[in-house]
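Remarks on the overall topology
Here is how the chains run, residue by residue.
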Amino acid sequence: MPLQPSLDAASARSALLAVENVAVTYSNRSGSHEVCSDVTLSVGRGEALAVIGESGSGKSVTVLAVTGLLGAGGTITQGSIRFDGEDITRLDDRERRRRGLRGRRIGMIFQNPSRALDPVFTIGQQLNEALRQTDRFSQPELRRKGTDWLRHVGLPDPEEALDRYPHQLSGGQRQRVMIAIALASEPDLLIADEPTTALDVTIQAQVLGLIRRLQRELGLALVIVTHDFGVVAAMADRVAVMYAGQVVETGTVDEIIRAPRHPYTRALMASLPTGIPGTRVTALPGSVPSARSMPSGCRFHPRCPVAVPACSVTRPVLDSLSESRAMRCLLEEAPAS
Ligand code: SF4
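A look at the site of the ligand
Around the ligand, a shell composed of H262, P263, C298, F300, H301, C304, V306, A307, C311, C329, L330 and L331 is seen. Grouping the amino acids of the shell around the ligand by side-chain chemistry returns ten nonpolar, two polar and no charged.

Structure below.
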């Protein structure tokens, strides 16, 4: 009988970020709905983890839980989140700021840079905020360091850009500024939630390449949220596949892309164009269930091409398959669909 993977005390201590058995519930007038349950994942120093799934799979809620930004009605109802050995599960905003968990130690890049940048402050003023979290710099030092960061992220005319307002830059330039701001405070962990979704397709690869290069150069841990296996392959060392608020498969990128085992991972990969002539793309029928109507048993059973009768009754747990790999499926060796 395989063991259910829970981070033991030693690995929870050694991982920079350790999310263990976390459940998130949103409540409003119409009731409470659990949108994530039993989410377990971790990332070590210098490591890049991709969290992938369709929209509604719970991947963004998971990173919001880590950053303490669940918003009104959102609560972590179970489990724990540890960062650098400290339990940060239930810290309030003030305590998070005091411990540097908003910027100085955990940097964030959002989907839409237009929303994340403040339109009334110049790029230089917003970069200064991040730089001041690391040291007390004089005004000339701030200007020099700000210019260096904008040059580092490939912004043209970096010194002039310091005096511009966000609306004076293109979408791709604003996203580069967001990356500079996130990195200028020298965080240990960078969280990027679909960082290129709002960008023109021609500059998506440039921005992703930039994040990966800086992550490697600076030795940062990275958690990147995506719905795109191309991004996983280009950006990550390990991957966690999420479906309906649960992690269903984890492993190294090489393992998962070369030999996906969970029926959902397989279906997700089969639904992508490979670019290889003659290969077939098979659409995944149906959609991710909502938190209000979660199926019984395995949450994937209504869409699973290899489901057996037990799948609609019994809830699978995330079982360890090897040191690097885990899967949530009743069939230990899921047959090819
Ligand atoms: Fe499919 Fe059953 Fe495995 Fe769920 S438990 S993924 S329904 S085979």
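Describing the sheet that holds strand β2 (residues 31-43)
Ordered by their spatial adjacency, four strands build an open sheet running β2-β1-β4-β5, and the pairing between neighbours is antiparallel. Of all strands in the sheet, those with a lone pairing partner are β2 and β5 (86-87), marking the two edges. Pairing analysis gives eight bridges linking strand β1 (residues 17-28) to strand β4 (residues 74-83), with the strands arranged antiparallel. When the bridges of β4 are listed, Y26 appears paired with G74.

With respect to the sheet that holds strand β6 (residues 106-109)
The strand order across the open sheet built from eight strands is β6-β7-β8-β3-β9-β10-β12-β11, with neighbouring strands paired in mixed fashion. Strands at the two margins of the open sheet, each flanked by one partner only, are β6 and β11 (318-320). Direction aside, the axes of adjacent strands within the sheet are offset by 20° on average. Bridging between strand β7 (residues 189-193) and strand β8 (residues 221-226) involves five bridges; their strand directions are parallel. For A192, the partnering residue across the bridge sits in β8 and is I224. Of the strands in this sheet, β3 (48-52), β6, β7 and β8 touch helix α9 (residues 201-218), which is tilted by about 160° from β8. The sheet contacts of helix α12 (residues 263-270) involve β3, β9 (238-243) and β10 (246-252), and relative to β9 the element is tilted by about 100°.

Things to note about helix α6 (residues 139-152)
Taking 1.5 Å per residue as the helical rise, α6 with its 14 residues ought to reach 20 Å, and the 20 Å between its terminal C-alpha atoms agrees with that figure. For α6, the set of buried residues is L142, G146, T147, W149 and L150. Down the axis of α6, the smallest arc covering the buried residues is 160°, so these residues share one side. Among the exposed residues of α6, those pointing more than 90 degrees away from its buried face are P140 and R151. Taken together, the buried residues of α6 touch α5 (123-131), α7 (158-161), α8 (171-184) and α9. Backbone geometry just after α6 places G154 at a positive phi near 80°.

Quick look at the packing of α8 against α9
Taken N-terminus to C-terminus, the directions of α8 and α9 make an angle of 15°; their axes are 10 Å apart at the nearest point. Between α8 and α9, the interaxial angle falls into the category roughly parallel. The handedness of the crossing between α8 and α9 is right-handed. Along the contact surface, α8 presents G172, Q175, R176, I179 and L183, while α9 presents I203, Q206, V207, L210, I211, L214 and L218. Taken together, the residues of the contact of α8 with α9 break down into eight nonpolar, three polar and one charged.

Regarding the nonpolar core
Counting residues in each nonpolar core, the largest one holds 59 residues, and the members touching the most others are L127, L150 and I179. In terms of residue count, the dominant contributor to this core is α8 (eight residues). Not counting residues up to four positions away in its chain, the partners in contact with L150 are I123, L127, L155, P158, A161, L162, V177 and A180. The next biggest cluster of nonpolar side chains, apart from the first, holds 34 residues, and it includes V63, A65, V66 and L91.

A look at the pairing of β8
Along any regular strand the residues' side chains alternate between the sheet's two faces. Along β8, six of the six residues are buried, which leaves the element largely enclosed by surrounding structure. Where β3 and β8 come together, five bridges link them in parallel fashion. Note on β8: the bridge partner recorded for V51 is V225. In the classification by handedness, the crossover that spans β7, the intervening α9 and the parallel β8 is right-handed.

Structural notes on the environment of Q111
For Q111, the location among the structural elements is in the loop between β6 and α4 (113-116). On the basis of relative accessible area, Q111 is assigned to the partly exposed category, the value being 34%. Expressed as a C-alpha distance, the spacing of Q111 and D193, which sit 82 residues apart in the sequence, is 5.8 Å. Residues in contact with Q111, not counting those within four places in the same chain, are Q175, D193, E194, P195, T197 and A198.

Overview of the pattern of salt bridges
Under the criterion given, the structure shown has 20 salt bridges. A salt bridge links E95 to R98; its shortest N-O distance comes to 2.8 Å. Of the two residues, E95 and R98 are both situated in helix α3 (residues 93-98); the distance of three residues between them amounts to about one turn of the helix. By relative accessible area, which is 60% here, R98 ends up exposed. Overall, E95 belongs to the partly exposed group, its relative accessible area being 21%. Several salt bridges converge on common partners, so that one network encompasses R45, D84, R105 and D188.

What counts as what
- Residues numbered from 1 in each chain as written.
- Predicted model: local features only at pLDDT ≥ 70, side-chain atom pairs only at ≥ 80, totals over all residues.
- Heavy atoms only, no water.
- Near = heavy atom within 4 Å.
- Nonpolar A, V, L, I, M, F, W, Y, C, P; charged D, E, K, R; others polar.
- Pairing = 2+ DSSP bridges.
- Helix = DSSP H or I, 4+ residues; strand = E, 2+ residues; numbered from the N terminus.
- Axes fitted to C-alpha atoms, helices over the stretch in contact; angles between N-to-C directions.
- Contact = heavy atoms within 4.5 Å.
- Expected span 1.5 Å × (residues − 1).
- Buried < 20%, exposed > 50% of the residue type's maximum accessible area, 1.4 Å probe, protein only.
- Arc of directions from axis to C-beta.
- Parallel < 35°, antiparallel > 145°, perpendicular 65-115°, else oblique.
- Left-handed = near helix turned anticlockwise from the far one by under 90°.
- Core = buried A, V, L, I, M, F, W, Y, C linked by side-chain atoms within 4.5 Å.
- Right-handed = clockwise from strand over helix to strand, strands pointing away.
- Salt bridge = Lys/Arg side-chain N within 4 Å of Asp/Glu carboxyl O.

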